[in-house]
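These are the residues of each chain, in order.
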Amino acid sequence: MPMPHHEPAGYRVGDLSIDLGTRQVSRDGRVLPLPKLSFDLLMALVRGAPDVLTADELMATVWAGRVVNEETVAKRVELVRESLGDDSRSPRYITLVRGHGYRVAAEVSTLRRAPQLRNAANSLQTRHSLAVVRLDE
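Report on the accompanying structure.

The rules behind each value
Residues numbered from 1 in each chain as written. Predicted model: local features only at pLDDT ≥ 70, side-chain atom pairs only at ≥ 80, totals over all residues. Heavy atoms only, no water. Helix = DSSP H or I, 4+ residues; strand = E, 2+ residues; numbered from the N terminus. Buried < 20%, exposed > 50% of the residue type's maximum accessible area, 1.4 Å probe, protein only. Areas by Shrake-Rupley, 256 points an atom, 1.4 Å probe, with all protein chains shown as cover. Patch = residues over 30% accessible without salt bridge, like charges linked within 9 Å, V, L, I, M, F, W, Y side chains within 5 Å. Salt bridge = Lys/Arg side-chain N within 4 Å of Asp/Glu carboxyl O. Lys, Arg positive; Asp, Glu negative; His and termini not counted. Charge placed at Lys NZ, Arg CZ, Asp CG, Glu CD. Expected span 1.5 Å × (residues − 1). Core = buried A, V, L, I, M, F, W, Y, C linked by side-chain atoms within 4.5 Å. Contact = heavy atoms within 4.5 Å.

With that settled, consider the overall build of the chain. Helix and strand counts for the chain stand at 4 helices and 8 strands. Going residue by residue from the N terminus, the α and β elements of the chain occur as β-β-β-β-α-α-α-β-β-β-α-β. For the chain, the residues scored as buried account for 39% of the 137 residues in total. Split by element, the accessible area of the chain, about 8800 Å² in all, is 51% carbon and sulfur.

Attention now moves to a negative patch on the surface. On the surface, a cluster of negative charge is contributed by Asp51, Asp56, Glu57 and Glu70. Of note, Glu57 is situated in helix H2 (residues 55-62). Take Glu57: its relative accessible area is 38%, and that puts it in the partly exposed class.

Helix length check: helix H1 (residues 36-48), at 13 residues, gives a terminal C-alpha distance of 18 Å against a target of 18 Å (1.5 Å per residue), a fit within 8%. The buried fraction of H1 amounts to 10 of the 13 residues, a majority that puts the element mostly inside the structure. Considered for burial, the residues of H1 that qualify are Ser38, Phe39, Asp40, Leu41, Leu42, Met43, Ala44, Leu45, Val46 and Gly48.

A few words on the nonpolar core. Counting 32 residues, the largest nonpolar core has Val13, Ile18, Val25, Val46 and Leu84 as its most contacted members. Broken down by secondary-structure element, the contributors of at least two residues to this core are strand E1 (10-13), strand E2 (16-19), H1, H2, helix H3 (70-84) and strand E6 (101-104). In contact with Val46, not counting residues within four places along its chain, are Tyr11, Val13, Ile18, Val104 and Val108.

With that out of the way, let us pick up the pattern of salt bridges. Enumeration according to the criterion identifies 6 salt bridges in this entry. Its salt-bridge partner being Lys75, residue Glu78 comes within 3.5 Å of it at the nearest N-O pair. Taken together, the residues Glu78 and Lys75, both in helix H3 and 3 residues apart, mark about one turn of the helix. Note on Lys75: relative accessible area 43%, which makes it partly exposed. As a salt-bridge pair, Asp87 and Arg89 come within 3.5 Å of each other at their nearest N and O atoms. Note on Arg89: relative accessible area 75%, which makes it exposed. Bridged by salt links that share partners, the residues Asp15, Arg27 and Arg92 form one connected network.

Right, let's get into the environment of Pro35. Within the fold, Pro35 resides in the loop between strand E4 (30-32) and H1. Judged by relative accessible area, Pro35 falls into the partly exposed class, the value being 45%. The spacing of Pro35 and Gln24 is 11 residues in sequence and 9.9 Å in space, taken between C-alpha atoms.

For the bond running from Ala49 to Pro50, omega is 5°, close enough to zero to count as cis. Secondary-structure assignment places Pro50 in the loop between H1 and H2. A positive phi angle, near 55°, is found at Arg23, a position not held by glycine. Here the phi dihedral of Asp28 falls at roughly 55°; this positive angle occurs in a residue that is not glycine. Along the chain, Asp28 falls in the loop between strand E3 (24-27) and E4.

Note that every value here comes from positions in space, so none of it alone points to a role or purpose.
Quick look at the structure:
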């Protein structure tokens, strides 16, 4: 019997932690401010990793139902990079694949919530714990 697919609690992208529940990206415990569209673009790239996503694919995912162009995608990628402290000349997180689109440059792994313990006191301590699980597992 196949196991049901569960959405992860978040992702680890290089040194970044992405919490899907709170829609926050953090590094070393500090939350990096990302507006909704920037977070959505980052998540589209992370979920598509390690593949390259075309501007059309990103437009359909992030701006579904809205009319935007490749310039809008490029500007939003630039804003995400700025928020993450990434540099297009030496990217750590998002890479442009000329003529094709964008992809995540860093290693991506999923984060899962730690299993709830039966003891209420222990449960409070572990409720927000996340565990790293490699995508290739």
